[in-house]
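# Geometric and topological summary
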Amino acid sequence: MANPVFGHTSGTFFRNVIFKHGIPEKMKNLPMPSCEISYRGDSFRNFLHLHEGKAHAISHYESVYRITDEGIWQGMTEFEQDITNTEFFINVWLYHDKKYPELILRACIHYKMAEESVKKLDNDALPKEKLIKLLQKQKYFRELLSPILSK
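Structural notes, computed from the coordinates. (Residues numbered from 1 in each chain as written. Predicted model: local features only at pLDDT ≥ 70, side-chain atom pairs only at ≥ 80, totals over all residues. Heavy atoms only, no water.)

## Let's talk about the overall build of the protein chain
Counted only if it meets this: Secondary structure elements are taken from DSSP: a helix is a run of H or I of four residues or more, a strand is a run of E of two residues or more, and numbering for both begins at the N terminus. Note on classification: 1.4 Å probe, protein chains only; a residue is buried when its accessible area is under 20% of the maximum for its type, exposed when over 50%, partly exposed between these limits. Contacts: residue pairs with any heavy atoms within 4.5 Å of one another. The method behind every accessible area is Shrake-Rupley, applied with a 1.4 Å probe, and residues are considered shielded solely by the protein chains displayed. Residues scored as positive are Lys and Arg, those scored as negative are Asp and Glu, and His as well as the terminal groups of each chain are ignored. Positions of charges follow a simple convention, taking NZ of Lys, CZ of Arg, CG of Asp or CD of Glu.
Looking only at helices and strands, the protein chain has 6 helices and 2 strands in total. The secondary structure elements of the protein chain, listed N-terminal to C-terminal, are β-α-α-α-β-α-α-α. Counting only C-alpha atoms, the protein chain reaches 45 × 40 × 30 Å along its principal axes. A burial count over the protein chain gives 31% of its 151 residues as buried. Partitioning the contacts of the protein chain with sequence separation of at least 6, the portion at a separation of at least 24 is 76%. If you sum the accessible surface of the protein chain, you get close to 10,500 Å²; carbon and sulfur atoms cover 54% of it. In the protein chain, 21 side chains carry a positive charge and 19 a negative one; their mean positions are 6 Å apart.

## Describing the packing of aromatic side chains
Short version of the rule: Only the six-membered ring of Trp is used, alongside the rings of Phe and Tyr, when aromatic pairs are assigned; centres must lie within 6.5 Å, and planes under 30 degrees apart are stacked while those over 60 apart are edge-to-face, with the rest tilted. We call a charge positioned above a ring when the Lys NZ or Arg CZ atom is no farther than 6 Å from the ring centre and deviates by at most 35 degrees from the ring normal.
Across all of its chains, the model carries 7 aromatic pairs by this definition. Between the aromatic rings of Phe44 and Tyr95, the centroid separation amounts to 5.1 Å while the plane-to-plane angle is 90°, which identifies the pairing as edge-to-face. On the criterion of sequence distance, the pair formed by Phe44 in helix 3 (residues 42-52) and Tyr95 in helix 4 (residues 78-95) is long-range, its members being 51 residues apart. Centre to centre, the rings of Phe88 and Phe89 are 5.1 Å apart; their planes meet at 80°, and the pair counts as edge-to-face. Grouped by ring-pair contacts, the aromatic residues Tyr39, Phe44 and Tyr95 constitute a single cluster. Lying across the ring of Tyr95, Lys26 places its NZ or CZ 5.0 Å from the centre.

## Things to note about the side chain of Glu80
For Glu80, the position within the fold is in helix 4. The class for Glu80 is buried, based on a relative accessible area of 6%. Discounting residues that sit within four places of it in the chain, Glu80 has contacts with Gly75, Leu126, Lys130 and Leu134.

## Observations regarding helix 6 (residues 128-149)
Keep this limit in mind: To obtain the bend at a residue, axes are fitted to the seven residues ending there and to the seven starting there, and the angle between these axes is taken.
The principal kink in helix 6, of about 40°, is found at Glu143, preceding the proline Pro147 by one to four residues. The complete set of buried residues in helix 6 reads Leu134, Gln138, Phe141 and Leu145. In this structure, the buried residues of helix 6 make contact with helix 4 and helix 5 (101-119).

Keep in mind these numbers describe shape, not what the thing actually does.
Here you go:
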């Protein structure tokens, strides 16, 4: 997993070495609820497959996305995206038994981005309940990452 580079999901191909015998046990027994969201995404599967072998990326377009403010990713505020990315890299790091320090460092980068993006958040950009949940996650991440962030 040294120096992984990811292209767009539609431009990557993997041999099905991960799911050929069903869903891995680690994916069935989630250490925390947020793993379900991380594990179901394409980016997580990229990490899984690259962990097991090489990938082939094609250099021409296979599909396109229409970007709108209502999309799964584009519909989020910058703060939501930063928190989601922090959570994703923590979950991938935990899935691999904390083996790859670059994953937790990436989580720290996104956490720091979240610290900045929350300052720019409009008061009414998110429903109050959603904002409270995101701020709780941010606090949890601060506690989890503080030994690394203080270095």
